Amino acid sequence: MTSDPFVLGWEEWAAFPGLGLPAIKAKVDTGARTSALHAVAVEPFGPEASPQVRFIMHPVPDRPDLEITCAAPAVDRREVISSNGESELRWVIRADVRIGGRTWPIEVTLTNRETMQYRMLLGRSAILDDMVVNPGQSCMQGQLSYDLYGDVPRRPPVPRPLRIAILTREPKNYSSLRLKAAAEARGHVAEMINTARVTMAINTLAPAVYYDGRKLPRYDAVIPRIGASMTNYGMAVLRQFEMTGAYILNSASAIGASRDKLYAHQLLARAGIGMPTTAFAHSPKDTRNLIEHVGGAPLVVKLLESTQGRGVVLAETRKAAESVIDAFRGLDANFIVQEFVKEAGGADIRCFVIGGKVVAAMKRQAQAGEFRSNLHRGGEAAPVRITRDERSAAIKAARAMGLAVAGVDLLRSETGPKVLEVNSSPGLEGIEATSKKDVAGLIIEHLETHVRTVSARPARRRPKTSGAS
Ligand SMILES: Nc1ncnc2c1ncn2[C@@H]1O[C@H](COP(=O)(O)OP(=O)(O)OP(=O)(O)O)[C@@H](O)[C@H]1O
Ligand SMILES: [Mg+2]
Ligand SMILES: [Mg+2]
């Protein structure tokens, strides 16, 4: 018994009737195992026994305003190596695909294909045994048209109001209150979530976040304000929010990178950003080498866990340096040794970066007889005009960490700006007071445009599925 084989060209028009997608141009790729579909704002929902995902699809490449909300059963969440070689955790759904006269169920992974020419990739596991691919032909199974979308309502310019969570252990501090007020002033709903009171259900298909035992709703955006005391737990909570599809202002991995002083210095160096020569060693025998590495005394020794300038010590002489290093070693503390930038004169510059721009800057001057300019150590803040090099170093440093919002601290040295550190939860009080700028408002503005472009959500259009949570 022979019948004509079902022939696919190298590209085909497909439809997903169950997803409400009447026409998508797919690239046929027998080199890829799994099929992939463009999706943004991917969000799990439904009962845990039969989890589903919903997502937004822009089926027409040059029509980003045309968006369809789709929902389908979730069958897996798995690590997929994408064409750029990077691995990505993707949701896998099952859906019926229709090509030409045939309809059959396939598994499809969901990923953002915004920058790709085809909204869909048809992999070999979706190509049945009786089908063949003719790489020399296009659209063997006939033509469809994007006109089939008719006049789907266009998405509103900004999804308003946004539901924003401010993740903080200090809901009453200046920065938290300002962010909440700035969000509310723009018509959004902002809730303070105390990191320490969050519990998580870590589950592949139904990630959930609980607060005092109550399941939290889905937030459009989360603003992390994670203090050093909660870095690890705070990052886990953030990752959990990431899995629910919320837009995270500063990602857990970016915060982790900036908090790890060693790793942060490595990232800065790799990005070619000027910084004080820095050395680190593990073994007690290396004290002399460490001192040599940074060019001898005077030098600065810093505890890795230091904040507010507390574990930062200036050793003026080699003898002093040796005893400080030995003392820290005796305490089993992790520390770095750094060249002392004397010409900074006890001042540093804080550049406040939002979305790749320096929106405000201040100079902090240490008290007389003190080299640490931290405001907590009695330093005084004043407005400052930064140079083009300083601006560029600050922007590059935030980018090297992957932070959308960052407080970049740098020293003015004879050889240009030297970045000291990049803070992922920079305080707002000093910078707003000295710059007279509405920095909190600028953060919310950044968030609005990002929620819109990265995880656009439709105006309360819910898929017709039961059991939505
Ligand atoms: N290598 C250096 N040369 C000159 N001054 C330095 C150097 N390193 C640090 N300082 C001064 O000491 C202050 C505190 O150092 P640093 O910012 O590294 O520590 P921190 O404890 O992490 O502070 P923060 O509270 O800003 O996180 C700096 O703001 C700067 O004024
Ligand atoms: Mg610090
Ligand atoms: Mg500092």
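Definitions and limits used
Residues numbered from 1 in each chain as written. Chains lettered and ligands numbered in written order. Predicted model: local features only at pLDDT ≥ 70, side-chain atom pairs only at ≥ 80, totals over all residues. Heavy atoms only, no water. Salt bridge = Lys/Arg side-chain N within 4 Å of Asp/Glu carboxyl O. Helix = DSSP H or I, 4+ residues; strand = E, 2+ residues; numbered from the N terminus. Buried < 20%, exposed > 50% of the residue type's maximum accessible area, 1.4 Å probe, protein only. UniProt positions renumbered as here; feature names shortened; annotations may be inferred. Contact = heavy atoms within 4.5 Å. Near = heavy atom within 4 Å. Polar contact = N/O pair within 3.5 Å; in protein donor to acceptor, adjacent residues only side chain to side chain. Areas by Shrake-Rupley, 256 points an atom, 1.4 Å probe, with all protein chains shown as cover. Nonpolar A, V, L, I, M, F, W, Y, C, P; charged D, E, K, R; others polar. Pairing = 2+ DSSP bridges. Axes fitted to C-alpha atoms, helices over the stretch in contact; angles between N-to-C directions. Expected span 1.5 Å × (residues − 1). Parallel < 35°, antiparallel > 145°, perpendicular 65-115°, else oblique.

Per an unreviewed UniProt entry, the protein goes by the name Probable alpha-L-glutamate ligase and belongs to Alkalicaulis satelles.

Applying the stated criterion across every chain yields a total of 24 salt bridges. E11 is the partner of K25 in a salt bridge, and the nearest nitrogen-oxygen pair spans 3.7 Å. Taken together, the residues span a long stretch of sequence, with K25 in strand 3 (residues 21–29) and E11 in strand 2 (residues 11–16) at a distance of 14 residues. Residue classification places K25 among the partly exposed residues on the basis of a relative accessible area of 22%. On the basis of relative accessible area, E11 is assigned to the buried category, the value being 9%. Measuring nitrogen to oxygen at the nearest pair gives 2.8 Å for the salt bridge that ties R90 to E88. Overall, R90 belongs to the buried group, its relative accessible area being 7%. One continuous salt-bridge network, built from bridges that share partners, spans E43, R54, R218 and D220.

Once that is clear, we can look at the UniProt feature "binding site: ATP" (unreviewed entry) in the protein. The UniProt record annotates "binding site: ATP" (unreviewed entry) at K302, E339, F340, D348, R372, S373 and N374. Within the element layout of this structure, K302 appears in strand 20 (residues 299–303). K302 sits in the buried class, given a relative accessible area of 9%. Those residues in contact with K302, other than ones at most four positions away along the chain, are G311, V312, N334, F335, I336, Q338 and L420. Secondary-structure assignment places F340 in the loop between strand 22 (335–339) and strand 23 (347–354). Here F340 is in contact with P298, L299, V300, L314 and F371, once residues within four sequence places are set aside.

Our focus in this paragraph is the site of ligand 1. Taken together, 22 residues sit near ligand 1, with K261, K302, S306, Q308 and E421 positioned nearest. At a separation of 3.1 Å, a nitrogen atom of ligand 1 approaches a polar side-chain atom of Q338. N374 is positioned with one of its side-chain polar atoms (N or O) 3.1 Å from an oxygen atom of ligand 1. Its free accessible area being 600 Å², ligand 1 has 95% of it covered by the protein chains. Residue contributions to the shell around ligand 1 peak at three residues, all from strand 27 (residues 416–423). Per-class residue counts for the shell around ligand 1 are seven nonpolar, eight polar and seven charged.

This next bit is on the sheet that holds strand 27. The antiparallel open sheet is built from five strands, whose spatial order is 25-24-23-26-27. Because the sheet does not close on itself, it has two edges, and the strands there are strand 25 (380–383) and strand 27. Neighbour-to-neighbour, the strand axes of the sheet open up by a mean angle of 30°, direction not taken into account. Bridge count for strand 26 (residues 405–413) against strand 27 is seven bridges, and the pairing is antiparallel. Bridge pairing in strand 27 links D409 to E421.

Next up on the list: helix 2 (residues 231–243). Here helix 2 contains 13 residues, and its C-alpha end-to-end distance of 18 Å stays within 8% of the 18 Å for a straight helix at 1.5 Å per residue. The complete set of buried residues in helix 2 reads T231, G234, M235, A236, V237, L238, Q240 and F241.

Here we take up the packing of helix 3 (residues 252–259) against helix 4 (residues 261–270). For any two helices packed against each other, one specifies the inter-axial angle together with the distance between the axes. Packing of helix 3 against helix 4 brings their axes to within 5 Å, and their N-to-C directions diverge by 95°. One finds that helix 3 runs roughly perpendicular with respect to helix 4. Residues A257, S258 and R259 of helix 3 lie in contact with helix 4, whose contacting residues are K261, Y263, A264 and L267. Of the residues belonging to the contact of helix 3 with helix 4, the class tally is four nonpolar, one polar and two charged.

Turning our attention to the UniProt feature "binding site: Mn(2+) 1" (unreviewed entry) in the protein. Taking the numbering used here, the UniProt-annotated feature "binding site: Mn(2+) 1" (unreviewed entry) corresponds to D409 and E421. If sequence neighbours within four positions are ignored, D409 has contacts with D348, I349, R350, R364, K418, V419, L420, E421 and N423. Relative to the assigned elements, E421 resides in strand 27. Ignoring sequence-local partners within four residues, the contact set of E421 consists of K261, G407, V408 and D409.

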